[in-house]
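Below, each chain spelled out in residue letters.
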Amino acid sequence: MATLRLIIILTLSFTATVISVTGHNITEILNEFPAYTSFNKYLTQTKLNDEINRRETITVLVFNDTVVSEYLSGLDISVVKNALSVHVLLDYFDLPKLQTIGGGSVMTTTLFQTTGEAENGAGFVNITDLVAGKVGFGSSGSGSKLNALFSRSVKQIPYNISVIEITSPIIAPGVLNRSQPLDVNISSLLEKSGCKTFAKLISDTGVLQIYETTEPRGLTVFAPSDAAFNAPSLPDFKNLSNNDLISLLLYHALPVYVPKGSLLTVKNPIGTLATNQVQKFDLTVRTNGDSVTLDSGVDNSRVESTLLDKVPLSIFKIDHVLIPAGFFPHSPKSAPVKSPESSPPAPVVPVTAPVSTPVQAPVPVPVHGPVAASPAPVARNSPVKSPPVSSPTTSSPLAGPAPADSPDADTGNNDNNNSSGGVKASVMFLALVTVAVSGMISSVFG
């Protein structure tokens, strides 16, 4: 009897622990603190909130809105993203852990290091125990100073996420000097990356111009490789009208900036540029670890690589042409599209609009890691100028944030994400478990 009682108690305790630490949402955490409103908006606009939410062990170093204004005002949003990435540590640090440094220092990896843009130690942060119990933070880059001091603990969910306020930003060498405006030749980038057929099609049809017009507000392109256009199962494009071909190419783009980390957090179907007032053309995202697959309803296409990720533009290379459900009613399967070197596609009439009916750009879905040593958290399932700027006026069937140029709109999916203290339903579920187990104990020992 004693053994059975112990097993039941341990089971109940384990259940409570699992429920209480199964997730975090940095947007909701910072929403509780008005002093970090601007910092929170920047995390959302740059999609760093999605990267933070999908990682299981992380520390976010925040600073108040006055410091944000002095540090980030007027910077290109891509520079803002890199600067804030330095303040996201890929390890868990709370005050007790900081106090164990004991007169020494530790070096930890930041999210900026994972971008491939960090140079000369700029992707690492030194944490040093200073005199009089103070803790300093500084870049590991050459010549950097410990210019930021620990101010206070803001929020902790051991050992998943810790939010700490620091007195000033960490200045990583070179990060604030990368303020050149985004100037990308999309067609040239695609050709160099093995997507020549797709590049020629969007140029010949005028879709490239639509991409370039959409880009400043946020754009994500899924470019099929040349091999994808030679797949035997690909329907014959000769059966498509000019407008249908344009719609098909628009189906390969989203009217919002969505980096890889945000794709890994997508819960709902994503609206594409092909969506208009008559019909929705959505994509569903499937994930497996860090692998992303796009489901059109007809076939799946895997994201092979990231060709470009710089706010407000993401370009991915995929291994299949995306065919929306019902687009080829009779599913004709004949000769594949030839690559431009061997047989150029038949000329089509350029247009300035994607379809005969006006295109209504949908708003993005809410798109909500190397982990350094730390007590192991409970795993979760997986996963321009700075503001202010104008918000988009178009509506969309997709609930959630607006394109990347509107920091106020993109606040995350509260219905599908965990609250700041973990899963919202945890208390009710735990109560039900407690009642059930209590009844079982009473029946056994009563």
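Residues numbered from 1 in each chain as written. Predicted model: local features only at pLDDT ≥ 70, side-chain atom pairs only at ≥ 80, totals over all residues. Heavy atoms only, no water.

1. What about the overall build of the protein?
Then comes step 1: Counting its regular elements, the protein contains 13 helices and 14 strands.
Then comes step 2: In the protein, which comprises 446 residues, the share counted as buried stands at 49%.
Then comes step 3: Total accessible area computed for the protein in this model is approximately 19,400 Å², and 54% of it derives from carbon and sulfur atoms. (Helix = DSSP H or I, 4+ residues; strand = E, 2+ residues; numbered from the N terminus. Buried < 20%, exposed > 50% of the residue type's maximum accessible area, 1.4 Å probe, protein only. Areas by Shrake-Rupley, 256 points an atom, 1.4 Å probe, with all protein chains shown as cover.)

2. Overview of the packing of helix α9 (residues 196–205) against helix α11 (residues 242–250)
Then comes step 1: The contact between α9 and α11 brings their axes to 10 Å, and the two run at 130°. One way to sum up the angle between α9 and α11 is to call them oblique. When you trace α9 past α11, the crossing you get is left-handed. Between α9 and α11, the residues in contact are Phe198, Leu201, Ile202 and Thr205 and Leu245, Ile246 and Leu249, respectively. (Axes fitted to C-alpha atoms, helices over the stretch in contact; angles between N-to-C directions. Parallel < 35°, antiparallel > 145°, perpendicular 65-115°, else oblique. Left-handed = near helix turned anticlockwise from the far one by under 90°. Contact = heavy atoms within 4.5 Å.)

3. Topic: helix α5 (residues 65–72)
Then comes step 1: Where α5 is concerned, the buried positions are Val67, Val68, Tyr71 and Leu72. Down the axis of α5, the sector holding all buried residues measures 105°, keeping them to one side. Exposed and facing more than 90 degrees away from the buried side of α5 are Thr66 and Glu70.
Then comes step 2: At the N-terminal boundary of α5, the capping side chain belongs to Asn64, with an oxygen 3.1 Å from the backbone nitrogen of Thr66. (Arc of directions from axis to C-beta. Polar contact = N/O pair within 3.5 Å; in protein donor to acceptor, adjacent residues only side chain to side chain.)

4. Section: the pattern of salt bridges
Then comes step 1: Evaluation of the coordinates by the stated rule reveals 10 salt bridges.
Then comes step 2: Linking Arg55 and Glu51 is a salt bridge whose minimum nitrogen-to-oxygen distance equals 3.3 Å. Just as Arg55 is buried, Glu51 falls in that class too.
Then comes step 3: Close ionic contact of Lys280 with Asp282 constitutes a salt bridge, the shortest N to O distance being 3.6 Å. (Salt bridge = Lys/Arg side-chain N within 4 Å of Asp/Glu carboxyl O.)

5. Regarding the sheet that holds strand β12 (residues 291–295)
Then comes step 1: The seven strands lie next to each other as β9-β8-β14-β13-β12-β11-β10, forming an open sheet whose pairing is mixed. Only two strands of the sheet have a single neighbouring strand rather than two, namely β9 (253–254) and β10 (270–271).
Then comes step 2: Of the strand pairs in this sheet, strand β8 (residues 219–224) and strand β14 (residues 313–318) are connected by six bridges, and their pairing is parallel. Pairing of Leu219 across the sheet is with Leu313, part of β14. (Pairing = 2+ DSSP bridges.)

6. Some details on the confidence of the model for the protein
Then comes step 1: When pLDDT is averaged along the protein, the result is 76, and 67% of the positions lie at 70 or above.
Then comes step 2: Per-residue pLDDT stays below 50 along residues 6–22; that stretch engages in 21 contacts with residues further than four places along the chain or on separate chains.
Then comes step 3: This model gives residues 330–431 a pLDDT under 50, and the stretch forms 246 contacts once residues within four places in sequence are excluded. (pLDDT = per-residue confidence, 0-100.)

7. As for the sheet that holds strand β5 (residues 135–139)
Then comes step 1: One open sheet accounts for seven strands, arranged β2-β1-β7-β6-β5-β4-β3; its pairing is mixed. Pairing within the sheet leaves two strands with one partner each, and these edge strands are β2 (88–89) and β3 (105–109).
Then comes step 2: Pairing geometry for β3 and strand β4 (residues 124–129), over five bridges, is antiparallel. Note on β4: the bridge partner recorded for Thr108 is Val125.

8. Things to note about unusual backbone geometry
Then comes step 1: For the bond running from Pro158 to Tyr159, omega is -10°, close enough to zero to count as cis.
Then comes step 2: Cis geometry marks the peptide bond from Val311 to Pro312, where omega comes out at 10°.
Then comes step 3: Structurally, Pro312 is set in the loop between β13 (300–310) and β14.
Then comes step 4: Its identity as a non-glycine residue notwithstanding, Lys47 has a phi of 70°, on the positive side.

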